[in-house]
Amino acid sequence: MIKLFSVKQKQKEDAQNNNGRPIKKQSAGELRVQKDISELNLAKTISIHFPNGKDNLLNFEITIRPDEGYYQGGTFVFSFSISQVYPHEAPKVKCKTKVYHPNIDLEGNVCLNILREDWKPVLSINSIIYGLQYLFLDPNPDDPLNHEAAEVLRDNPRQFEQSVRRSMLGGYVGGTHFPRCM
């Protein structure tokens, strides 16, 4: 049985410890994000960072450092912006690292089906991170945002690999300069 009086007493104590200011209630979205983050199972190649402090769980960054595939050795940062109605709306995810990739355009938009049409509230932050990690292990030229990169991957995988390396080392690909990310 819930002891209502002890709950009220706890709230009063918390308010007193907060110098009399009322404690901000968390939205359902914030509670769900808190749960998702506490359940994260990050690989050694992935880290999470809260640039606005750990009190702002709705905005954070994920860094992916692939240890295999075309993008091995690179460091790619993604920003997550989550609305108050999460999980009923997918998080907004942008790649902050300029990358030559068929599924990430030069503005950082990410083509990942679970961020758009296949989003369901049962999915979690962990699902998105796995999806992003998979994009680096197996880029998908059949659903591109960067059509030129997708065409090169489809038609000449060896040239694609060279272009990825050149871009990650801070070179030019197709007239576009990429900052070093290795």
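Here the structure is a predicted model, which is why all the values come from computation and not from measurement.

Draft legend 1. Inspection of the overall build of the chain at higher detail. Helices and strands together make up the secondary structure of the chain, namely 5 helices and 6 strands. The helix and strand sequence of the chain, counted from the amino end, reads α-α-β-β-β-β-α-α-α-β-β. Within the chain, buried positions represent 42% of all 182 residues. Nonlocal contacts in the chain, meaning residues at least 24 apart in sequence, comprise 52% of its contacts between residues at least 6 apart. By element, 52% of the accessible surface of the chain is carried by carbon and sulfur atoms, the whole surface being about 10,900 Å².

Draft legend 2. Looking closely at the environment of Gln162. Position of Gln162 among the secondary structure elements: in helix 5 (residues 157-168). Since its relative accessible area comes to 39%, Gln162 is described here as partly exposed. In this structure the C-alpha to C-alpha distance between Gln162 and Tyr70, which are 92 residues apart in sequence, comes to 9.0 Å.

Draft legend 3. Local environment of the side chain of Thr97. Along the chain, the position of Thr97 falls in the loop between strand 4 (92-95) and helix 3 (125-137). Within polar-contact distance, the side chain of Thr97 engages the backbone nitrogen of Val77 at 2.9 Å. Residues contacting Thr97, with those up to four places away along its chain left out, are Thr75, Phe76, Val77 and Cys181.

Draft legend 4. Summary view of the pairing of strand 3 (residues 76-81). Where strand 2 (residues 59-64) meets strand 3, 6 bridges bridge the pair, whose relative direction is antiparallel. The partner of Asn59 across the bridge, within strand 3, is Ser81. Where strand 3 lies against strand 4, 4 bridges are found, and the strand directions are antiparallel. If you follow Ser79 over to strand 4, its bridge partner there is Lys94.

Draft legend 5. Quick look at the nonpolar core. Core analysis: the biggest nonpolar cluster contains 43 residues, and Phe78, Phe80, Val110 and Leu132 have the highest contact counts within it. With 6 residues, the top contributor of residues to this core is helix 3.

Draft legend 6. The environment of Phe160, seen in detail. Here Phe160 shows up in helix 5. Setting aside its immediate chain neighbours within four residues, Phe160 contacts Tyr70, Tyr71, Tyr100, Pro102, Ala149, Val152 and Leu153.

Draft legend 7. Up close: unusual backbone geometry. Here Tyr86 and Pro87 are connected by a cis peptide whose omega angle stands at 15°. The topology assignment puts Pro87 in the loop between strand 3 and strand 4.

Draft legend 8. The arrangement of the sheet that holds strand 1 (residues 46-49) in detail. Spatially, the 4 strands line up as an open sheet ordered 1-2-3-4, and their pairing is antiparallel. Here the strands that pair on one side only, and so sit at the sheet edges, are strand 1 and strand 4. Direction aside, neighbouring strands of the sheet carry axes that sit 25° apart on average. Those strands touched by helix 3 are strand 1, strand 2, strand 3 and strand 4, and its axis lies near 150° from that of strand 3.

Draft legend 9. Quick peek at the packing of aromatic side chains. Applying the stated criterion to the full structure yields 10 aromatic pairs. A centroid spacing of 5.9 Å and a plane angle of 50° characterise the contact between Phe50 and Phe60, whose relative ring orientation is tilted. Of this pair, Phe50 sits in the loop between strand 1 and strand 2 while Phe60 is found in strand 2, placing the two residues 10 residues apart along the sequence. For the pair formed by Phe50 and Phe60, the shared burial category is buried.

Draft legend 10. Geometry of the UniProt feature "active site" (unreviewed entry) in the chain. Under the local residue numbering, the UniProt record ascribes the feature "active site" (unreviewed entry) to Cys111. Within the secondary structure, Cys111 sits in the loop between strand 4 and helix 3. For Cys111, the contacting residues outside a window of four places in its chain are Asn103, Arg116, Leu135, Asp143 and Leu145.

Rules of the game
Residues numbered from 1 in each chain as written. Predicted model: local features only at pLDDT ≥ 70, side-chain atom pairs only at ≥ 80, totals over all residues. Heavy atoms only, no water. Helix = DSSP H or I, 4+ residues; strand = E, 2+ residues; numbered from the N terminus. Buried < 20%, exposed > 50% of the residue type's maximum accessible area, 1.4 Å probe, protein only. Contact = heavy atoms within 4.5 Å. Areas by Shrake-Rupley, 256 points an atom, 1.4 Å probe, with all protein chains shown as cover. Polar contact = N/O pair within 3.5 Å; in protein donor to acceptor, adjacent residues only side chain to side chain. Pairing = 2+ DSSP bridges. Core = buried A, V, L, I, M, F, W, Y, C linked by side-chain atoms within 4.5 Å. Axes fitted to C-alpha atoms, helices over the stretch in contact; angles between N-to-C directions. Phe/Tyr/Trp six-rings, centres within 6.5 Å; stacked < 30°, edge-to-face > 60°. UniProt positions renumbered as here; feature names shortened; annotations may be inferred.

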